[in-house]
Amino acid sequence: MTSNWSDLPNDLLDELSKHFTIMNDLVRFGAVCVNWHSYFTLNRSRPLPCKRPRQPPVLMISGQKLQSRYYHLYSSDGVVETHNIPMTVPHHKFLYASTHGWLVIGDFHDLSVHLLNPFLSVNNRIDLPLLTAMDNCYLVDFYPMKRSYVHAYINKAALSVNPTYTSNYVLMIIYGFGSQLAFFRPGDNAWTPIGKKGAFFDIVYFKDEFYAVTQDGEVFACDIHHPHPKLRRVAPPSPKDRTTDIYLVESLGELLQVKRLFHFSAEPQLTTVRFKVFKLVLDPPIRHVKYKVGKGKYKQKLIKPTQNMYWVEMKTLHGQAVFVGENSTFSLSSSHFPGCKANCIYFTDDSQGHLFGDPPLDLGMFNVEEMTLEEHPVMNLSKGMFPRHIWVEPTLLGATIN
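Predicted model only: the values in this text are computed from it and were never measured.

Turning next to the sheet that holds strand 10 (residues 180-184). With antiparallel pairing, four strands are arranged side by side in an open sheet as 8-9-10-11. Since the sheet does not close on itself, it has two edges, and those belong to strand 8 (154-159) and strand 11 (192-193), each with one partner. Sheet topology places strand 10 next to strand 11; two bridges connect them, and they run antiparallel. Bridging across to strand 11, Ala182 finds its partner in Pro193.

Here it is, written out as structure tokens:
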């Protein structure tokens, strides 16, 4: 048997690669030596042998003219690492959102939209129906006047599953000036709108359904597997706050509503001052109260669930870390990734100020238990850089080493 690590046979390298659960470890594995790098490069398009937990996201920050730069913020040992992955995004194109490692990219010239996965070397693009294939075709009328209308047309996107591993997926978006819902399935030639309800702010796929939250905290669900998907109301508005951003996230099997509170001033930029987190209690109990109406006579009164019975404020994330911004909101366990701080919300600037030239400055971390704002070194250094930063989940299949 060889005593030189660089000469290990491929079957042993296969066995070693089966035990990695963190993307950064897999990247380091391919960087040990020339032979191991060659092995990784040849096998990077092969499905990985075991199920891995959701990976900490990377923060996509603008780089050179035709590239975007990715900063690995969290590694298994908590060290900030940087990997540059070339990705051509000409100036006439822009990023709408990210979900499951896929970027939603639009084009000013022809109003086309597509999904792009920068971590894949093959099968990394999915073309979507034109924006003009919406029911709001008047978008074309706005385009010659202000590009910002086109840039803001898709507010959020969420995939049911990662298209890297299956073709049985659905993409749901919040679109238009009314912030309505529409979805796309593989093979569709147009977007399918869902009802006329609008003013949605975030969407998430939870327990085989899409859940959407309005700007006042009201929650609706949609069974996308139904032949004629419709919206149904599942929770009333959450307790009112001076907030403008509301997110939905699945965490430890429960649905949470994360409210972002701002400081308003004469300055055009909004500044995050804190977050509030509420757990949604689906189907709270209906009570029957017995009361006396006369001698020996009683009646029962139906007591419907109150707002506080649906929404329970949480003072901890139970060790989870949550990532919010223009990405589809998600959480992961800090115990799996020591570089992620437990009970923290990592946030990027997702206000509309960039459409009017305001630099993205509202970035940072919020500790839910301690109720304190913190800065991250990379996020702090990149404040004010255009275009805005966005969280992107790495795709292990097809990852590239640089």
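We are not done yet, so read on.
Moving on to the pattern of salt bridges. Considering all chains together, one arrives at 11 salt bridges under this definition. For Arg125, the salt bridge identified is with Asp127, shortest N-O distance 2.8 Å. For Arg125, a relative accessible area of 46% corresponds to the partly exposed category. For Lys197, the salt bridge is made with Glu218, and the minimal N-O distance between the two is 3.9 Å. Taken together, the positions of Lys197 in the loop between strand 11 and strand 12 (200-206) and Glu218 in the loop between strand 13 (209-214) and strand 14 (219-222) put the pair 21 residues apart, joining distant regions of the chain. By relative accessible area, Lys197 is classed as partly exposed at 34%.

Glancing now at unusual backbone geometry. Not every positive phi belongs to a glycine, and Asn123 is a case in point at roughly 50°. Counting through the fold element by element, Asn123 comes out in the loop between strand 6 (113-116) and strand 7 (125-128). Backbone geometry places Lys207, a non-glycine residue, at a positive phi of 50°.

The rules we used
Residues numbered from 1 in each chain as written. Predicted model: local features only at pLDDT ≥ 70, side-chain atom pairs only at ≥ 80, totals over all residues. Heavy atoms only, no water. Pairing = 2+ DSSP bridges. Helix = DSSP H or I, 4+ residues; strand = E, 2+ residues; numbered from the N terminus. Salt bridge = Lys/Arg side-chain N within 4 Å of Asp/Glu carboxyl O. Buried < 20%, exposed > 50% of the residue type's maximum accessible area, 1.4 Å probe, protein only.

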